[in-house]
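Inside the fold
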Amino acid sequence: MLELRNICKTFNPGTVNEKVALNGLSLRLEEGEFVTVIGGNGAGKSTMLNAVAGTFPLDAGQILIDGVDVTRLPEHRRARYIGRVFQDPMMGTAPTMQIEENLALAARRGKRRTLRPGITKKERAEYAERLKILDLGLEDRMTTKVGLLSGGQRQALTLLMASLVKPKLLLLDEHTAALDPKTAAKVLEATEKIVTRDRLTTLMITHNMKDAITYGDRLIMMKDGQIIFDISGEEKKKLTVEDLLDKFKVAGEDDLSDKMILS
Amino acid sequence: MDIMSLVNALPSVAAQGLIWGIMAIGVFITFRILDVADLTVDGTLCTGGATFIMLTMAGANVWAAMLGAFCAGLMAGLLTGLFHTACGIPAILAGILTQLALYSINLRIMGQANRPVSSRQYDLLVSQQDVREVGLHNPILVSALFVIVIIALLYWFFGTELGSSLRATGANLAMSRAQGINVNVTKVLGLMLSNGLVALSGALLAQYQGFADVNMGRGAIVIGLAAVIIGEVIFSRIFRNFALRLLAVAIGAVIYYLVYQVVIWLGLKTDDMKLITALIVAFFLAIPFWKGRYFDRWMKRGGGDRA
């Protein structure tokens, strides 16, 4: 479904701030795979996701989604294949627009936007139904401006928007990191429900090792812009936080944040 | 100070205010919906008036000339949009560049710095002379109809898929891209629409005052912003619907002209008006900032005292 072939990206080349973010990374995701991604700060996790989403051009390598080479497609053209939830709850929704208007925008992802109505009566009923899966009561507040929602509510809504039109690929960039533990658990629960129901091919970055183990059917660990550890199936099910910490030590990763160890 | 002279000026205030209201609605599209302060409009206002007059003098039907003015505005917006998106120039600078370019273009269109157009010679939509006449030709009525039709069309447009994507672009760029919106296209479209309306307003203004002048748009952006802000300050609590918000902007322009007239009536020179306008707009733009900065600090201190 997703194939990354030897992708490279260096930020600020030729300056003192030069940073090799992706160093010949290759990865293959099968259809319906739910992959969690962990790694220290600066390992290249977010850069990899942004490369897939098309936020910046690559220095080298190829990206294929469902066999289509998207390496040179601009971000908005790739959007037809990709659903995204960002780390920052403010980034995924339009605050000055209503909940239903945001959903209507998402329902037209990858389609031509014409002079037809931006939202129809039929859609409203459908969105109210869809919002119920989040279990936040948003279905009763359809015309509320999204800017009035809490970070957790906005993140849950973004998740629903990302999956409203079934994406070939769902990208979650630490989408619960900015939320309090209770809300984070709720959003993760909704994520699991939606990903399982729609059998979405998913890449989820997380700082939380426990979440990385609990969720998904495959786990990859990144360091210095490469994948250093890739585990799936039965092996992943048996994985413990201690195993992961050992792997980090073997990899010489001395950059473990407190958040990763304590959680 | 004779109060009657002020009262006598009121019909003209209403007509001019409504015509400028169309311009202010254009500014609202860029400033509030796209979140861009577009300085092109200072040039576009004259472009609209100039295009209208030259087309009229060449024998065009008044509606054809209005359409021509609107299209000239679209082109001005297109230029700014391309400077901004295709050339990566910051929006505010892109607007300044087009505005400067338009100064020369406006002189080219008119062939001289000033062009008169007489309602006696041509069949115009509005004219200052009819401002006290009762009838369908009254400029207050005509410009009010223009405002209503424009608001209705914009209300429809911003409810469509395309219009929604324009609003999304102004609200959140990252989100818009992630939802597959080509934000360069929506930005250019918004700038075109805005400048088209400003040019239309310029065409009406030229008819109303009976001439187009190369300096007629100087400071127009500030007047437009003043109208937007006055409208919001007065009506934001009661007008929440999009169409009503646009109406508030148009009324804001009328109020601006009312204040203008009062200030002149009080004995100030018209030459000083730009200074006063600038200060008023600066004051209202600063209010949200001051609110956040000083009010919060004051609140904190107040809380500390009580603790």
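No experiment lies behind these values; they were computed from the predicted model shown.

The interface of chain A with chain B comprises 30 residues on the first partner and 20 residues on the second. Summed over both sides, the interface between chain A and chain B buries roughly 2000 Å², with carbon and sulfur atoms accounting for 58% of that surface. If you sort the residues of chain A by the area they bury against chain B, A:His76, A:Arg113 and A:Leu115 come out on top, with a joint share of 31%. Counting every contact that joins chain A to chain B gives two salt bridges. Residue A:Arg108 pairs with B:Glu161 through a salt bridge whose shortest N-O separation is 2.8 Å. Listing elements by their share of the side of chain A that touches chain B, those giving two or more residues are helix H2 (75-78), strand E6 (82-85) and helix H3 (99-107) of chain A. Of all the elements, H3(A) adds the most residues to the side of chain A that touches chain B, at four residues.

Close approach of charged atoms allows side chains of opposite charge to pair. All names here are of chain A. In total, this model carries 18 salt bridges over all chains according to the counting rule given. Linking Lys168 and Asp66 is a salt bridge whose minimum nitrogen-to-oxygen distance equals 3.0 Å. With Lys168 in the loop between helix H5 (151-164) and strand E7 (169-173) and Asp66 in the loop between strand E4 (60-65) and strand E5 (68-69), this pair connects stretches of sequence that are 102 residues apart. Judged by its relative accessible area of 38%, Asp66 is partly exposed. Taking the shortest distance from any N to any O, the salt bridge between Arg124 and Glu100 comes out at 2.9 Å. Residue Arg124 is located in helix H4 (residues 121-131), and its partner Glu100 is located in helix H3; the two are separated by 24 residues in the primary sequence. Overall, the relative accessible area of 34% leaves Arg124 in the partly exposed class. Take Glu100: its relative accessible area is 5%, and that puts it in the buried class. Each of Glu3, Arg5, Arg28 and Glu30 takes part in one network of salt bridges that share partners.

Glancing now at the sheet that holds strand E8 (residues 202-205) of chain A. All names here are of chain A. Strand order in the open sheet formed by six strands is E6-E7-E8-E3-E9-E10, with mixed pairing between adjacent strands. Each edge of the sheet is formed by a strand with only one pairing partner; in this case those strands are E6 and strand E10 (226-232). Averaged over all pairs of adjacent strands, the angle between strand axes in this sheet comes to 20 degrees, irrespective of strand direction. When strand E3 (residues 34-39) meets E8, the two strands line up parallel, connected through four bridges. Across the sheet, Val35 pairs through a bridge with Leu203, a residue of E8.

Moving on, we come to the environment of A:Thr158. All names here are of chain A. Residue position: Thr158 is located in helix H5. Sequence-wise, Thr158 and Met221 are 63 residues apart; in three dimensions their C-alpha atoms are separated by 26 Å. Ignoring sequence-local partners within four residues, the contact set of Thr158 consists of Arg84, Val85, Gly92 and Thr93.

Here the focus is the packing of H4(A) against H5(A). Two packed helices can be described by the angle between their axes and the distance between those axes. All names here are of chain A. Running from amino to carboxyl end, H4 crosses H5 at an angle of 120 degrees, the nearest separation of the two axes being 11 Å. Between H4 and H5, the angle is such that the two are oblique. Crossing geometry of H4 relative to H5 is assigned as right-handed. Note on element contacts: H5 touches H4 through Leu157, Leu160, Ser163 and Leu164, opposite Tyr127, Arg130 and Leu131. Here the residues of the contact of H4 with H5 sort into five nonpolar, one polar and one charged.

A word on the sheet that holds E5(A). Residue and element names in this part refer to chain A. Strand order in the open sheet made by the four strands is E2-E1-E4-E5, with antiparallel pairing throughout. Single-partner strands in this sheet number two, and they are strand E2 (19-29) and E5. Across five bridges, the pairing between strand E1 (residues 2-11) and E4 is antiparallel. The partner of Glu3 across the bridge, within E4, is Leu64. Sitting on the sheet, helix H1 (residues 45-53) touches E1, E2 and E4, and the angle it makes with E2 is about 65 degrees.

Looking now at the environment of B:Thr98. Residue and element names in this part refer to chain B. Within the secondary structure, Thr98 is located in helix H4 (residues 91-110). Taking the relative accessible area as the measure of exposure, Thr98 reaches 0% and is therefore buried. Along the primary structure Thr98 and Val149 are separated by 51 residues, whereas in three dimensions their C-alpha atoms are 28 Å apart. Of the polar contacts made by the side chain of Thr98, one reaches the side chain of Thr80; its length is 2.8 Å.

With that out of the way, let us pick up the domain arrangement of chain B. All names here are of chain B. If you check the domain split of chain B, you get domain 1 (3-267) and domain 2 (272-307). Its C-alpha centre places domain 1 at a distance of 30 Å from the equivalent point of domain 2. Contact residues are listed per partner, giving 11 residues for domain 1 and eight residues for domain 2. Summed over both sides, the interface between domain 1 and domain 2 buries roughly 860 Å², with carbon and sulfur atoms accounting for 89% of that surface. In this structure, the connection of domain 1 to domain 2 is made through zero salt bridges. At the boundary of domain 1 with domain 2, the tally comes to two residue pairs in polar contact (both at pLDDT 80 or more). The set of elements that each furnish at least two residues to the side of domain 1 that touches domain 2 consists of helix H9 (220-235) and helix H10 (242-265). It is H9 that contributes the most residues to the side of domain 1 that touches domain 2, six residues altogether. In the side of domain 1 that touches domain 2, the residues fall into 10 nonpolar, no polar and one charged.

Calculation criteria
- Residues numbered from 1 in each chain as written.
- Chains lettered and ligands numbered in written order.
- Predicted model: local features only at pLDDT ≥ 70, side-chain atom pairs only at ≥ 80, totals over all residues.
- Heavy atoms only, no water.
- Contact = heavy atoms within 4.5 Å.
- Buried area = accessible area lost by both parts, 1.4 Å probe.
- Salt bridge = Lys/Arg side-chain N within 4 Å of Asp/Glu carboxyl O.
- Helix = DSSP H or I, 4+ residues; strand = E, 2+ residues; numbered from the N terminus.
- Buried < 20%, exposed > 50% of the residue type's maximum accessible area, 1.4 Å probe, protein only.
- Pairing = 2+ DSSP bridges.
- Axes fitted to C-alpha atoms, helices over the stretch in contact; angles between N-to-C directions.
- Parallel < 35°, antiparallel > 145°, perpendicular 65-115°, else oblique.
- Left-handed = near helix turned anticlockwise from the far one by under 90°.
- Nonpolar A, V, L, I, M, F, W, Y, C, P; charged D, E, K, R; others polar.
- Polar contact = N/O pair within 3.5 Å; in protein donor to acceptor, adjacent residues only side chain to side chain.
- Domains from an automatic or database assignment.

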